[in-house]
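Examining the three-dimensional arrangement
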Amino acid sequence: MTPPTHEFIQSRWVDEIMSIQEDADRFHNRKNPRLTHYDYSTPNYYFITICSWDKTCIFGSCSQLNSLGTIAQQLMQEIPVHFPNVKVDKFVIMPNHIHAILILDGQTNLSTVIGQYKAAVTKQYRIFRSNQKIWQTSFHDHVIRNQEDYERIWAYIDTNPARWMDDCFYTP
């Protein structure tokens, strides 16, 4: 196998730099999805949604996860190992997004947990694949405020696979 040419390497660097610049431009032009003046390390229940890059269906199907979906599932289950003060109460891996209810006891920031989860999935997946983008920037969160809110969200996560074709994230 012949080594890549200087032009090829330079071309890949230019592509990578352009991609980073596009991400930076998109980041600076978006509004902050977090609640203003809320401490996301406050002990609470949090409903989170993490989307794949461009909402591409990369985790498999609702009935059969692929290798990336399996990695995402395994590492979601392992969050309490890395963050003993965080419990994963309920989650589902959908073809292009993940829903979860996380319970924080106040020692860890929600953004730290999600950021490290996304990084771990990416690192594990890149052992097998190229530098394919996996995640959309940031994540959606909702602070669960009461029992009724919790039960509604828990049921939503539980029934999400059956309602996939009606889901707002559905892409054929």
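Criteria and cut-off values
Residues numbered from 1 in each chain as written. Predicted model: local features only at pLDDT ≥ 70, side-chain atom pairs only at ≥ 80, totals over all residues. Heavy atoms only, no water. Buried < 20%, exposed > 50% of the residue type's maximum accessible area, 1.4 Å probe, protein only. Helix = DSSP H or I, 4+ residues; strand = E, 2+ residues; numbered from the N terminus. Pairing = 2+ DSSP bridges.

1. A look at the pairing of strand 3 (residues 97-104)
Among the eight residues in strand 3, eight count as buried, and that is most of the element. Residues of strand 3 alternate between two faces, with H97, H99, I101 and I103 on one and I98, A100, L102 and L104 on the opposite face, all of them buried. Relative to strand 3, strand 1 (residues 44-51) is paired through eight bridges, and the arrangement is antiparallel. Residue C51 lies in a different strand from strand 3, and its bridge partner there is H97. Pairing analysis gives seven bridges linking strand 2 (residues 86-93) to strand 3, with the strands arranged antiparallel. Residue pairing in the sheet places F91 in a bridge with A100 of strand 3. Hairpin connection from strand 2 to strand 3: three residues lie between these consecutive antiparallel strands.

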